[in-house]
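Geometric and topological summary
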Amino acid sequence: SYRVMVFDACNNSVTNLVAPVVTTISKNIAITNKCPGGTTPLGSSDLTFTLNSNLGTWSPGIIKHNGATVNIPYDIVNSSSTIFTFLDLGPGTYIFESQVSSSSPSNCNTTVFDTVVIAPYQFPTLLNSSLYQCDNNGFRASAAVTGGIGPFQYEITGSVPALPSIVAPLQTSPDFNFNNGTVYSLVRLRALDGCGNASINDISVLPLANVVISTQNR
């Protein structure tokens, strides 16, 4: 707080404590990835920019894309002018400039900048999936997808040996459990992403190792 004293010509004074108003700015950026298409072979994304502040009304825009100067305004804004949506942004690095407009001269036309990277669409892969043989000779297959766009669906399309069959239709869970008395050495998993693109990988069995804990006196 600041103690302010005012004197008049008769040397009379008045004193008051003045507390400065703390500036608050909160930002949140959410990216919704979209599938590739004929005009966007690397995919595109919708970006939602949420701005809240006690300074005034904000107005964000894109001023640079991959280092080149551009002028891309937002496409949609909510009724309270706090949520701004930019549609169909292609992959690349974007610099956002947000300015605040206010009737108060103390805000000095505040400007803030944000850098956002939108990654290109990556086809799904199942390279990190796993198949474990449990100690009761049961099996657990877990599909781990990298890339793609959700929601994902998973299925078992084959195995070694092929019989008895453990082929399973599409499901939303990435985990498969089976125990039919047969020892399998390989399971073929397939994942389908929300764009209709699929990945197939043959998963070998990883036996669960015994864990030994020993103590040492020091």
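Before reading further, recall that the structure is shown in the block above.
First, a word on what this report is: a plain description of the structure on this page. (Residues numbered from 1 in each chain as written. Predicted model: local features only at pLDDT ≥ 70, side-chain atom pairs only at ≥ 80, totals over all residues. Heavy atoms only, no water.)

1. Some words on unusual backbone geometry
Condition: A run of DSSP states H or I qualifies as a helix once it reaches four residues; a run of E qualifies as a strand once it reaches two. Both are numbered from the N-terminal end.
For the peptide bond that leads from Gly-150 to Pro-151, omega is 5°, which places it in the cis range. With respect to the secondary-structure elements, Pro-151 resides in the loop between β12 (139-142) and β13 (153-160). With an omega dihedral of -5°, the bond running from Leu-163 to Pro-164 counts as a cis peptide bond. With respect to the helices and strands, Pro-164 occurs in the loop between β13 and β14 (168-171). Positive phi, close to 55°, is recorded for Asn-66, a residue that is not glycine. In this fold, Asn-66 is placed in the loop between β5 (57-65) and β6 (68-73).

2. Quick notes on the state of the cysteines
Basically, it comes down to this: Pairs of cysteine sulfur atoms within 2.5 Å are identified as disulfides in what follows. Burial status follows relative accessibility: with a 1.4 Å probe on protein chains alone, a residue under 20% of its type maximum counts as buried, one over 50% as exposed, and anything between as partly exposed.
Taken as a whole, this structure holds 1 disulfide when the rule is applied. With its sulfur 2.0 Å from that of its partner, Cys-35 forms a disulfide with Cys-195. Residues Cys-35 and Cys-195 are joined through a disulfide that is left-handed, its torsion about the S-S bond being -95°. On the criterion of sequence distance, the pair formed by Cys-35 in the loop between β3 (25-34) and β4 (44-53) and Cys-195 in the loop between β16 (186-192) and β17 (198-207) is long-range, its members being 160 residues apart. Owing to a relative accessible area of 33%, Cys-35 belongs among the partly exposed residues under this scheme.

3. A short note on the sheet that holds β3
Note the cut-off: Any two strands with at least two DSSP bridges between them are considered paired.
In space, the 4 strands of this open sheet follow the order β3-β4-β8-β7, with antiparallel pairing throughout. Single-partner strands in this sheet number two, and they are β3 and β7 (76-77). The sheet contact formed by β4 and strand β8 (residues 83-89) spans 5 bridges and is antiparallel. Along β8, the bridge assignment pairs Thr-50 with Ile-83.

Any functional reading would require information that these geometric values do not contain.
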